[in-house]
Amino acid sequence: MTKRQVEIFTADCPLCDETVQLVQELTCPNCEVSVYNLRQEQEKAQQYGVNAVPAIAINGKLVMTGKPSREQLQAVGVGQPLN
């Protein structure tokens, strides 16, 4: 079964911590979550064009920056079954 790859870029900030927690609350068995610290993963962040945190990429594509709402995360597929 293919999993949805959810990558979160953070920088040890309170909004980042809240975003990681919210994503983890929403994830389902179809989601695989990876958390990257921007300071340690600068090259990976540059590949995605991350210029602000928190930032979220899904399946290799940057989908949002800034603290998302539960509804925004669900709209981009976090916690939703794969079609």
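Residues numbered from 1 in each chain as written. Predicted model: local features only at pLDDT ≥ 70, side-chain atom pairs only at ≥ 80, totals over all residues. Heavy atoms only, no water.

- By the naming in an unreviewed UniProt entry, the protein is Thioredoxin, taken from Nostoc linckia z7.

### Re the state of the cysteines
Okay, so step 1: Per the stated rule, a full pass over the model turns up one disulfide.
Okay, so step 2: The thiol of Cys28 is not disulfide-bonded; the next cysteine sulfur, from Cys31, is found 3.9 Å away. (Disulfide = S-S within 2.5 Å.)

### Topic: the pairing of strand 2 (residues 31-37)
Okay, so step 1: Strand direction decides the pairing type here: strand 1 (residues 4-10) and strand 2, joined by seven bridges, are parallel. Its bridge partner lying in strand 2, Gln5 is registered against Glu32.
Okay, so step 2: A crossover links strand 1 with its parallel partner strand 2, the connecting element being helix 1 (residues 14-26), and its sense is right-handed. (Pairing = 2+ DSSP bridges. Helix = DSSP H or I, 4+ residues; strand = E, 2+ residues; numbered from the N terminus. Right-handed = clockwise from strand over helix to strand, strands pointing away.)

### Comments concerning the nonpolar core
Okay, so step 1: Within the largest apolar cluster, 13 residues are counted, with the highest numbers of intra-cluster contacts made by Val6, Ile8, Val23, Ile56, Leu73 and Val78.
Okay, so step 2: Sorting the residues of this core by element identifies strand 1, helix 1 and strand 3 (55-58) as the ones contributing at least two each.
Okay, so step 3: Among the elements that line this core, the one with the most residues is helix 1, at four residues.
Okay, so step 4: In contact with Val6, not counting residues within four places along its chain, are Val23, Cys31, Glu32, Val33, Ser34, Ile56, Ala57, Ile58 and Val78. (Core = buried A, V, L, I, M, F, W, Y, C linked by side-chain atoms within 4.5 Å. Buried < 20%, exposed > 50% of the residue type's maximum accessible area, 1.4 Å probe, protein only. Contact = heavy atoms within 4.5 Å.)

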